[in-house]
Amino acid sequence: MAPDGMGKYRGVWVSIEQGDGNPARVSLELLGEGRTLAEELGADVTAILIGEGVSAIAKELIYYGADRVIIADNPIARDYRTEVYTEIIVEQVLKEMPEILLIGATYMGRDLAPRLSARLHTGCTADCTELHIDKEMRLLVATKPYFGRNLMADIICPFHRPQIVTVRPGVMELKAQDRGRKGELISVDVDLREEDVKIKVLDTVKSGPGGVSLEEADKVVVGGMGVGNQAGFEMVKELAHLLGAEVGTTSLPIDEGWISEDYKIGQTGKTIRPRLYIGCGVSGAIQHAAGMINSELVVAINNNPKADIFHFADYGIIGDVNQILPALITELSTVDRKN
Amino acid sequence: MDIIVCVKQVPETSEIGWDPKTGTLLREGAGGILNPTDKNALEAALQLREEHGGHITALSMGPPQAEEVLREALSMGVDRAVLLSDSLLAGADTLSTSYALGLAVKKVARYDLILCSKESSDGMTAQVGPQLAELLNLPQLTYATEIAVNHNRVRIKQRLEGGFRILETCLPALITVERGINQPRIPPMDSILETYRDREVQVWGAEELGGDKDHFGLKGSPTQARSVYSKRVKRGQVSILEGEPDEVARKLIGILRQRDLLRGLHGT
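Just so it is clear, the structure is predicted and the values come from calculations on it, not from any experiment. (Residues numbered from 1 in each chain as written. Chains lettered and ligands numbered in written order. Predicted model: local features only at pLDDT ≥ 70, side-chain atom pairs only at ≥ 80, totals over all residues.)

(A) The overall build of chain B, seen in detail. Helix and strand counts for chain B come out as 7 helices and 13 strands. Taken over the C-alpha atoms alone, chain B extends approximately 70 × 45 × 40 Å along its principal axes. Here chain B, with 268 residues, has 49% of them falling under the buried criterion. (Helix = DSSP H or I, 4+ residues; strand = E, 2+ residues; numbered from the N terminus. Buried ≥ 20, exposed ≤ 12 C-beta atoms within 10 Å, placed from the backbone.)

Below, the structure written as structure tokens:
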């Protein structure tokens with residue numbers, strides 16, 4: 001039995017992020033995850049699609065798991081703006097009373113989800129790594145790495161609805177689409193005037209391709225705090241370059257300013273699935289492990305034999321990163337000359 | 001132009017205790033530092049004050065020891081520091097925290113801008129900024145890497161995946177800043193000493209805040225940690241490569257070649 005007063009809320013909703021005429025991949029991942037949760041609950045999956053000229057996307061959302069798509073297609077929603085999206089979603093949520101709302105933890109999703117939670121006075125759990133249903137209580141249980149080393153928490157929101165959670169791109173598997181699936185398309189009016197929207201988008205600049213594509217990388221070399229300093233981190237980059245690998249990192253080197261946040265791997269960064277992962281001076285805290293545990297071959301270099309990363313590495317080198325990295329760089333350069 | 005900067009004391013290390021009964025963190029007694037990106041929010045406020053004049057209040061919520069991070073804010077140059085501290089506020093999730101901060105902002109009353117860091121280094125949810133903006137009915141401008149104020153309008157450069165946007169809104173507004181926005185100043189030693197000798201950190205409890213006590217702390221938090229447990233990620237057995245650096249390097253490169261992971265490199 002659901003907690004008091006919560007039984008009237010039904011259904012799993014996914015807020016869809018889109019751009020350039022395509023849904024964001026994370027939104028499709030969440031439709032698949034939403035489908036699984038909805039089947040547990042015996043409920044429907046609803047996608048809420050907002051933008052200008054986005055109706056063409058709606059069918060694809062059904063192929064990926066939506067039973068219904070609520071479409072708010074309006075020029076006022078051309079660019080993502082917190083107020084506009086909040087108004088539209090809140091109006092529909094209050095009308096239809098879903099029990100769960102899933103949102104991709106992108107820049108946009110992390111801007112929107114907490115605003116919605118405050119407007120609706122409900123809970124929002126960020127960056128979850130697993131979701132499941134407690135059937136007895138009809139509750140969403142959101143699992144995420146918790147503060148501190150190797151702690152996980154199961155977070156619930158028992159007495160408020162909808163239960164809002166955000167999930168980073170790549171955390172949930174993209175399920176295959178089913179082009180035979182049928183669903184309902186529902187267009188809704190947007191009752192907002194431009195003069196009432198306080199935020200104006202003056203310019204949007206895309207840096208275009210050539211950015212970091214860690215999620216698709218075949219090999220990733222990761223520098224952790226154990227590299228010691230900027231010079232140590234430069235060696236990580238050099239090794240990556242010689243291996244044809246992408247560079248990744250953990251939280252602390254970003255705090256130190258050795259590398260930008262775009263390269264962060266883990267629960268609050270990117271999720272990777274490379275054939276080869278090499279961790280240099282990475283301790284292997286669960287926050288980082290959550291984003292790399294599906295790597296095929298894991299190599300760890302760390303001077304602390306008790307470092308957690310040795311619990312999930314295939315090959316380990318116990319030693320000073322600042323001695324091992326130059327040796328690896330020399331060895332790879334020698335391979336180059338030999339050939 | 002009057003500015004409120006929200007700051008937070010965060011644990012210095014990732015080793016932090018938790019209460020197995022409530023699933024909340026034991027902030028009491030843990031060593032704490034000013035959340036690193038809060039320094040960028042404070043620096044942004046100080047630069048805006050240099051340009052436009054006005055008054056800066058630093059605001060925090062936490063146990064009594066969180067006073068230390070407000071002393072740091074004072075030594076950087078803010079005009080006033082207020083700590084919300086009360087056992088009724090303990091165990092708050094992000095929404096409950098935002099509720100208490102919102103009451104404090106209303107009590108401070110005079111402000112044109114609220115600055116927060118994008119996220120704290122411990123929770124990393126990035127939720128308090130947007131939630132506080134909503135509770136105060138303010139427009140929110142998130143992930144700012146530049147801020148410019150012109151009369152009653154504010155413009156930011158907003159960092160996004162693979163690019164950025166320029167956003168503009170009217171004051172008052174709430175902005176969350178990225179770490180890259182500026183280089184925070186390091187307070188001179190005499191300013192730090194003066195802060196401890198002559199300056200006051202005001203402490204407000206639940207009584208001073210007013211509001212609805214049911215929205216405070218653990219009790220007022222929609223989300224709860226049902227269970228917190230230790231989990232070690234494990235998979236198989238690690239093979240340790242032994243030897244001098246050049247020896248282990250040779251061994252590892254050999255393994256990578258064997259596994260066909262060097263194909264296409266250097267003509268191999």
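(B) Representation of the overall build of chain A. A tally of regular secondary structure across chain A gives 8 helices and 18 strands. Over its C-alpha atoms chain A spans a radius of gyration of 22 Å, differing by no more than 12% from the 20 Å that the globule rule assigns to 339 residues. Here the C-alpha coordinates of chain A stretch approximately 65 × 45 × 40 Å along the principal axes. With 339 residues in all, chain A has 54% of them scored as buried. (Rg over C-alpha atoms; globule rule 2.2 N^0.38 Å.)

(C) Fine view of the packing of helix 3 (residues 94-108) of chain B against helix 4 (residues 128-135) of chain B. All names here are of chain B. Between helix 3 and helix 4, whose axes approach to 9 Å, the crossing angle comes to 50°. Taken together, the axes of helix 3 and helix 4 lie oblique to each other. The interaxial crossing formed by helix 3 with helix 4 has right-handed handedness. Facing Thr94, Leu95, Thr97, Ser98, Tyr99, Leu101 and Gly102 of helix 3, the residues of helix 4 in contact are Val128, Gln131, Leu132 and Leu135. (Axes fitted to C-alpha atoms, helices over the stretch in contact; angles between N-to-C directions. Parallel < 35°, antiparallel > 145°, perpendicular 65-115°, else oblique. Left-handed = near helix turned anticlockwise from the far one by under 90°. Contact = placed C-beta atoms within 7 Å.)

(D) Inspection of helix 3 of chain B at higher detail. Residues and elements named next belong to chain B. In this model, helix 3 (15 residues) spans 21 Å end to end at C-alpha, consistent with the 21 Å of a helix rising 1.5 Å per residue. Most of helix 3 sits inside the fold, with 12 of its 15 residues counted as buried. Those residues of helix 3 lying buried are Thr94, Leu95, Ser96, Thr97, Ser98, Tyr99, Ala100, Leu101, Gly102, Leu103, Ala104 and Val105. Note on helix 3: the residue one or two positions beyond its end, Ala109, has a positive phi of about 75°. (Expected span 1.5 Å × (residues − 1).)

(E) The arrangement of the interface of chain B and chain A in detail. Facing the 70 residues of chain B at the interface are 75 residues of chain A. For the side of chain B that touches chain A, the secondary-structure elements that each account for two or more residues are helix 3, helix 4, strand 7 (140-150), strand 9 (163-170), strand 12 (224-230), strand 13 (239-240) and helix 7 (245-258) of chain B. Looking at the side of chain B that touches chain A residue by residue, the classes come out as 31 nonpolar, 24 polar and 15 charged. Summarising the sheet, strand 18 (residues 315-318) of chain A and strand 13 of chain B pair through 2 bridges and their orientation is parallel. Paired with Gly316(A) across the bridge in strand 13 of chain B is Ile240(B). (Nonpolar A, V, L, I, M, F, W, Y, C, P; charged D, E, K, R; others polar. Pairing = 2+ DSSP bridges.)

(F) Quick peek at the sheet that holds strand 10 (residues 173-177) of chain B. Sheet architecture is open: 10 strands sit in the order 13(A)-9(B)-8(B)-7(B)-10(B)-6(B)-1(B)-4(B)-5(B)-11(B), paired in mixed fashion. Only two strands of the sheet have a single neighbouring strand rather than two, namely strand 13 (200-206) of chain A together with strand 11 (201-204) of chain B. Averaged over all adjacent pairs, the angle separating strand axes in this sheet is 30°, with direction ignored. Here strand 13 of chain A runs beside strand 9 of chain B; their pairing, made up of 6 bridges, is antiparallel. Bridging from a neighbouring strand, Asp203(A) pairs with Ile166(B) of strand 9 of chain B.

(G) Quick look at the environment of Ile286(A). Assignment of secondary structure puts Ile286(A) in helix 7 (residues 286-289). The residues touching Ile286(A), leaving out its near neighbours within four places in the chain, are Pro145(A), Asn150(A), Met152(A), Lys231(B) and Val233(B).

(H) Focus on the domain arrangement of chain A. All names here are of chain A. For chain A, the assigned domains read domain 1 (12-196) and domain 2 (214-338). The straight-line distance from the C-alpha centre of domain 1 to that of domain 2 is 33 Å. Residue composition of the side of domain 1 that touches domain 2, by class: 3 nonpolar, 3 polar and 4 charged. (Domains from an automatic or database assignment.)

(I) Expanded view of the sheet that holds strand 12 of chain B. What the 4 strands build is an open sheet, ordered 8(A)-9(A)-10(A)-12(B); its pairing is antiparallel. Each edge of the open sheet is held by one strand with a lone partner, namely strand 8 (130-134) of chain A together with strand 12 of chain B. Along the sheet, successive strands turn relative to each other by an average axial angle of 25°, direction set aside. Relative to strand 12 of chain B, strand 10 (residues 151-156) of chain A is paired through 6 bridges, and the arrangement is antiparallel. Residue pairing across strands places Ile155(A) opposite Ala225(B), the latter belonging to strand 12 of chain B.

(J) Representation of the packing of helix 4 (residues 107-120) of chain A against helix 4 of chain B within the structure. Two elements in contact, helix 4 of chain A and helix 4 of chain B, have axes separated by 8 Å at closest approach and are oriented at 40°. Regarding the angle of helix 4 of chain A to helix 4 of chain B, the classification is oblique. Helix-helix and strand crossings are classified by hand; for helix 4 of chain A and helix 4 of chain B the assignment is right-handed. For the pair formed by helix 4 of chain A and helix 4 of chain B, the contact residues are Asp111(A), Pro114(A), Arg115(A), Ser117(A), Ala118(A) and Arg119(A) on the first element and Pro130(B), Gln131(B), Glu134(B) and Leu135(B) on the second. Taken together, the residues of the contact of helix 4 of chain A with helix 4 of chain B sort by class into 4 nonpolar, 2 polar and 4 charged.

(K) The arrangement of the confidence of the model for chain B in detail. Overall, the prediction assigns chain B a mean pLDDT of 91, with 92% of residues at 70 or greater. Across the interface, the model reports ipTM at 0.89; the global pTM reads 0.88. (pLDDT = per-residue confidence, 0-100.)

(L) Representation of the environment of Asn322(A) within the structure. Residues and elements named next belong to chain A. Considering the arrangement of structural elements, one finds Asn322 in helix 8 (residues 321-338). Remark: the alpha-carbon pair of Asn322 and Leu202, spanning 120 residues in sequence, is separated by 47 Å. Each residue touching Asn322, except ones within four places of it in the same chain, is listed here: Gly228 and Gly232.

(M) Layout of helix 2 (residues 67-76) of chain B. Residues and elements named next belong to chain B. Burial within helix 2 is extensive, with 7 of its 10 residues counted as buried. Where helix 2 is concerned, the buried positions are Val69, Leu70, Glu72, Ala73, Leu74, Ser75 and Met76. At the exit of helix 2 stands Gly77, carrying a positive phi of roughly 130°.

(N) Summary view of the nonpolar core. Within the largest apolar cluster, 130 residues are counted, with the highest numbers of intra-cluster contacts made by Leu49(A), Leu61(A), Val5(B), Ala100(B) and Leu115(B). In contact with Leu115(B), other than residues within four places in its own chain, are Ile3(B), Val5(B), Ala41(B), Ala44(B), Ala45(B), Ile175(B) and Val177(B). Judged by nonpolar contacts, the second largest core, of 52 residues, contains Val220(A), Val222(A), Val299(A) and Ile309(A). (Core = buried A, V, L, I, M, F, W, Y, C linked by C-beta atoms within 7 Å.)

(O) How the structure looks around the pairing of strand 1 (residues 3-7) of chain B. All names here are of chain B. Of all 5 residues that make up strand 1, 5 are buried, and the element is covered over most of its length. The alternating pattern of strand 1 places Ile3, Val5 and Val7 and Ile4 and Cys6 on opposite faces, both of which are buried. By the bridge criterion, 5 bridges tie strand 1 to strand 4 (residues 56-61) in an arrangement that is parallel. Looking at the pairing, Ile4 lines up with Thr57 of strand 4.

(P) Main features of unusual backbone geometry. Look at the link from Arg161(A) to Pro162(A): it is a cis peptide, with omega at -5°. Structurally, the position occupied by Pro162(A) is in the loop between strand 10 and strand 11 (163-167). Cis peptide bonds are those with omega within 30 degrees of zero, and the linkage from Leu171(B) to Pro172(B) qualifies with 0°. When you line up the elements, Pro172(B) lands in the loop between strand 9 and strand 10. Its identity as a non-glycine residue notwithstanding, Asp20(A) has a phi of 50°, on the positive side. One can find Asp20(A) in the loop between strand 2 (18-19) and strand 3 (22-23). Judged by local crowding, Asp20(A) falls into the exposed class, with 5 C-beta atoms found within 10 Å. Of note in the backbone geometry, Arg138(A) takes a positive phi value of approximately 50° without being a glycine.

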